[in-house]
6 protein chains.
Amino acid sequence: MIYIKRKEHFCAAHKLWNDKWDAATNKRIFGKCSNENYHGHNFELEVTVCGEIDPDTGFVMNLFDLKQIIRTHIIDVVDHKNLNLDIDFMEGKQPTAENIACEFWKILAPKVADYGALMHKIQLAETNNNIIEYFGE
Amino acid sequence: MIYIKRKEHFCAAHKLWNDKWDAATNKRIFGKCSNENYHGHNFELEVTVCGEIDPDTGFVMNLFDLKQIIRTHIIDVVDHKNLNLDIDFMEGKQPTAENIACEFWKILAPKVADYGALMHKIQLAETNNNIIEYFGE
Amino acid sequence: MIYIKRKEHFCAAHKLWNDKWDAATNKRIFGKCSNENYHGHNFELEVTVCGEIDPDTGFVMNLFDLKQIIRTHIIDVVDHKNLNLDIDFMEGKQPTAENIACEFWKILAPKVADYGALMHKIQLAETNNNIIEYFGE
Amino acid sequence: MIYIKRKEHFCAAHKLWNDKWDAATNKRIFGKCSNENYHGHNFELEVTVCGEIDPDTGFVMNLFDLKQIIRTHIIDVVDHKNLNLDIDFMEGKQPTAENIACEFWKILAPKVADYGALMHKIQLAETNNNIIEYFGE
Amino acid sequence: MIYIKRKEHFCAAHKLWNDKWDAATNKRIFGKCSNENYHGHNFELEVTVCGEIDPDTGFVMNLFDLKQIIRTHIIDVVDHKNLNLDIDFMEGKQPTAENIACEFWKILAPKVADYGALMHKIQLAETNNNIIEYFGE
Amino acid sequence: MIYIKRKEHFCAAHKLWNDKWDAATNKRIFGKCSNENYHGHNFELEVTVCGEIDPDTGFVMNLFDLKQIIRTHIIDVVDHKNLNLDIDFMEGKQPTAENIACEFWKILAPKVADYGALMHKIQLAETNNNIIEYFGE
């Protein structure tokens, strides 16, 4: 068993806001992230999959294929978008890095399985200092 | 003459759009950056000032003071904000990194001069790969 | 279960020296790190906690709270200090990154538990190339 | 139990090519990596070992010793070399990062054991975005 | 006048060898870089151009255009290639980072001029620690 | 004319303190940097030299020689040392990054000249965010 990781990047806007709460509560809970007109980040996404090494290629799966899966199903969908308004799979969900990471897992795990590999981890960094890891359960 | 640089970071949303043009032209000129609902970045700001070394302190100016100037007059104003909608000094200006850098210069140069130092450069990175430098003229 | 990581930094002096040994032995064991007048590092601390996502906030715990816990209980205590002389909780312990990481765990784990999260890992980098990971057991 | 990681770097050439296949198949499977005259990378190797902290030194094992082991047995052998042509332990193996990582494990695990530590992970980054992790089984 | 920088990356093999000299002299002058079967690097290329800000776009030139110019004329030509054997414009030249940077300038300066901008600097990093800057004269 | 840069690193302790002033004034001027028992940093030193490209080697000067000059005359002297107590050339000088950079210039400029190159810049980063540049005048 060996693990391969691919990093990709996207730039998106979001805000954190819960309609159940009034503005003061949202401000208290979400701080600067509740700014009405949004803010944004350069997100760094790291996808780790695992499997056995194929003796002919020396690959678990081709990193070029992993890159294409991530770009087609995630980056092309979320890059230069608003995570509150523009993304179908985030509808009705708070766009925290935690929730985004979980949704990415649901999208990517079956695609990776098509190539005979097993999804291991989604890591999503909102800034260099704030990072989420999700292992699918 | 010696140069000192301080890096600070802020997260903001923006979009590039010119009302003189129709949607198709905006899309052609600004590409993904024209997305109606905004996108965003982790901006890295690097401010360089220069001056003579004070023999008592060994400083051109105290980097703590430079940090405070940048935080008070820039970071606290633009962090977790929308550069099209929330920032007075960007009103009526296209919020490209080029224009933002020039406005930052106008704000910071006189503050730095109050400490006897000379503004040398504003560098603003929108992503790791896209970076603007402005020397004030 | 999801994991969130926060990175913080501090600058400190230390030296490695064991009074049980003579100077030559200390030099042989600890090399340059045994310099009598200390040396120092920019330490990078990465704290990982885990828990369930709260449906109202989309957070395991608020990263702002995690940041404050780390700054109040660690950074404000050790930053710009001497790890051999100035830090109560390091008294009588060799200030290797290994021992520092273990002490940080003891301090932070109960604080994080107060917010309903579980301490998962303390990572402490002394330089870009020398890094310690501790999982609490 | 505590984990210590050391990063080292080497620069090497390689190409991916399987003699069982014709040129078109190699090109389809390995893409740009199949270029006949080789290409190359700055590889970043990260070696993690684990063990108990020695009470006299505060170390699992001396990071200086770990550095020397990696340099003597890996870096001095592969740095500024061609991984297809110059390296005995890669003979007959596809020089993918996956296979290289597995060979490094076989070489380093017994050396680390001589110092009373246990090999935990070999991480090998071919670029900032393409990274392999191997845990020895 | 404002400056914009774009970073791009490529992976290539090379060796340093001068046919005027015997093997011992090449080894003495070029050290490990003279390895007969090549070695390689992840090169980081940073291209800086300058000009006036266009009032309609807020751009000196569109960074998307600058990216495309660099990719079309440089990256697509040199990525995953051997700089001694595969690149027409390096024929008969020692493939040091110095010489590569000068050749890149000759190729890119007229392309950038077509967009009304002025070439300012080519920076080429062979490793994180070894970096070349060329200003065209 | 072409510029070559080499980065090297060292770890050192220091404190900022002026005997002309009482403790309260030192604390007000130098803040946390005045801690009596020192603190420390991982300093990143970047040395830039310039010259013409030698047609036989393709080098301004061999980066291996530049590395050796920096290591012999700077790194071996200051690494894992106390900049207030252990370094002859800092005696009687406030060990700010500004003053350290100027002293490094005086030491390195004649050594580089011996290889036919011209010293251009000393850059010294105390942390990722606090950086000094000195051009020799």
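The structure we're discussing is the one just above.
Source: prediction; values computed, not measured.

Undergrad: How would you summarise the interface of chain E and chain D if you had to cite specific residues and measurements?
TA: Residue-level contacts link 20 residues of chain E with 20 residues of chain D. Counting the surface lost from both chain E and chain D, the interface buries some 1,600 Å², and carbon and sulfur atoms represent 50% of this. For the chain E face of the interface with chain D, the top three residues by lost area are E:Asn37, E:Asn42 and E:His80, together amounting to 35%. Inspection of the chain E/chain D interface yields 17 residue pairs in polar contact (both at pLDDT 80 or more). When contributions to the side of chain E that touches chain D are tallied by element, the ones reaching two or more residues are strand 1 (2–14), strand 2 (39–51) and strand 3 (81–82) of chain E.

Undergrad: Give a detailed account of the relation of the copies chain E and chain D, specifying residues and quantitative values.
TA: Note on the copies: chain E fits chain D at an RMSD of 0.0 Å, the axial shift is 0.0 Å, and the rotation between them is 180°. Here the symmetry operator amounts to a two-fold rotation axis. When the interface residues of chain E are mapped onto chain D, 100% of them again lie at the interface, so the same face is used by both copies.

Undergrad: Please provide a residue-by-residue account of the state of the cysteines, values included.
TA: Using the criterion set out here, one finds zero disulfides over all chains in the structure. You can see E:Cys11 has no disulfide; the closest cysteine sulfur is in D:Cys33, sitting 8.3 Å from it. On the accessibility criterion, E:Cys11 (8% relative accessible area) is buried. Unpaired in terms of disulfides, F:Cys102 finds its nearest cysteine sulfur in B:Cys50, a separation of 13 Å.

Undergrad: Describe the side chain of F:Thr96, and please don't skip the residues or the numbers.
TA: Here F:Thr96 shows up in the loop between strand 3 (81–82) and helix 3 (97–113). You can call F:Thr96 buried: its relative accessible area is 1%. Once residues lying within four places of it in the same chain are set aside, the contact partners of F:Thr96 are B:Thr57, B:Gly58, B:Phe59 and F:Leu16.

Undergrad: Kindly report on the packing of aromatic side chains, identifying the contributing residues and their values.
TA: Counted by the stated rule, this structure contains 42 aromatic pairs over all chains. For the pair A:Phe10 and A:Phe104, a centre-to-centre distance of 5.9 Å together with 65° between the ring planes defines the contact as edge-to-face. On the criterion of sequence distance, the pair formed by A:Phe10 in strand 1 (residues 2–14) and A:Phe104 in helix 3 (residues 97–113) is long-range, its members being 94 residues apart. In this structure A:Phe10 comes out as buried when scored by relative accessible area, which is 1%. Here A:Phe135 and C:Tyr3 contribute two aromatic rings whose centre-to-centre distance is 5.3 Å and whose plane-to-plane angle is 80°, an arrangement assigned as edge-to-face. With one member in each of two chains, A:Phe135 in the segment after strand 5 (130–134) and C:Tyr3 in strand 1 (residues 2–14) form a pair that bridges those chains.

Undergrad: Give me the pairing of strand 4 (residues 118–125) of chain B: which residues, what numbers.
TA: Residue and element names in this part refer to chain B. Counting buried residues along strand 4, six of its eight residues qualify, which places the element largely inside the surrounding structure. One ladder, built from four bridges, connects strand 4 with strand 5 (residues 130–134); its direction is antiparallel. Its bridge partner being in strand 5, isoleucine 122 is matched across the sheet by tyrosine 134.

Undergrad: Lay out unusual backbone geometry with the relevant residues and their values.
TA: Unlike most non-glycine residues, C:Tyr38 shows phi in positive territory, near 75°. Given the relative accessible area of 11%, C:Tyr38 is considered buried. Notably, E:His80 is not glycine yet its phi reads approximately 60°, a positive angle. Here E:His80 shows up in the loop between helix 2 (63–78) and strand 3.

Undergrad: Provide a residue-level description of the arrangement of the chains, including the pertinent values.
TA: In this view chain A stays clear of chain F, with the nearest C-alpha atoms of the two still 13 Å from each other. One finds no contact between chain D and chain F; the C-alpha atoms of the two approach each other to within 14 Å at their closest.

Undergrad: Please give an account of the pattern of salt bridges that cites residues and values.
TA: Scanning the model with the defined rule gives 49 salt bridges over all chains in all. Ionic pairing is found between B:Glu103 and B:Lys106, a salt bridge with its closest N-O pair at 2.9 Å. A residue pair is termed a helical-turn pair when its members lie 3 or 4 positions apart in one helix, as B:Glu103 and B:Lys106 do in helix 3 (residues 97–113) at three residues. The exposure class of B:Glu103 is buried, given its relative accessible area of 9%. Using a relative accessible area of 53% as the deciding quantity, one classes B:Lys106 as exposed. Notably, a salt bridge pairs C:Lys20 with D:Asp56, separated by 2.5 Å at the nearest N-O pair. Placement of the pair is C:Lys20 in the loop between strand 1 and helix 1 (23–30) and D:Asp56 in the loop between strand 2 (39–51) and helix 2 (63–78), with the two residues belonging to separate chains. C:Lys20 sits in the exposed class, given a relative accessible area of 59%. Classification of D:Asp56 by relative accessible area gives partly exposed; the value is 26%. One continuous salt-bridge network, built from bridges that share partners, spans A:Lys5, A:Glu46, D:Lys121 and D:Glu133.

Parameters and conventions
Per-chain numbering applies: the sequence of each chain, read as written, is numbered from 1 onward. Written order determines the labels here, with chains lettered from A and ligands numbered from 1. Local features are withheld for residues below a pLDDT of 70 in this predicted model, meaning they are given only at 70 or higher, and side-chain atom pairs are given and counted only at 80 or more; totals for whole chains, interfaces and linings count all residues. Hydrogens and waters are ignored; side-chain quantities use all the structure's heavy atoms. Contacts are residue-level and defined by heavy atoms, with any inter-residue pair within 4.5 Å sufficient. Take the accessible area each of two parts loses on contact, using a 1.4 Å probe, and add the two losses: that sum is the buried area. For this analysis, a polar contact is any N or O atom pair within 3.5 Å, provided that within protein one partner can donate a hydrogen and the other can accept it, and provided that sequence-adjacent residues contribute only side-chain to side-chain pairs. Helix and strand definitions here come from DSSP, where helices need a minimum of 4 consecutive H or I residues and strands a minimum of 2 consecutive E residues; each element is numbered from the N-terminal end. Overlaid copies result from least-squares superposition on C-alpha atoms, with residues included only where pLDDT is at least 70 in both. Throughout, a disulfide means two cysteine sulfur atoms within 2.5 Å of one another. Three exposure classes are used, based on accessible area relative to the maximum for each residue type with a 1.4 Å probe and protein chains only: buried under 20%, partly exposed in between, and exposed over 50%. Stacked, edge-to-face and tilted are the three classes for Phe, Tyr and Trp ring pairs, Trp counted by its six-membered ring, which pair at centre distances within 6.5 Å; planes under 30 degrees apart are stacked, over 60 edge-to-face, the rest tilted. By the convention used here, strands pair only if DSSP detects at least 2 bridges between them. Salt bridge, as used here: a side-chain nitrogen of Lys or Arg that lies within 4 Å of a carboxyl oxygen of Asp or Glu.

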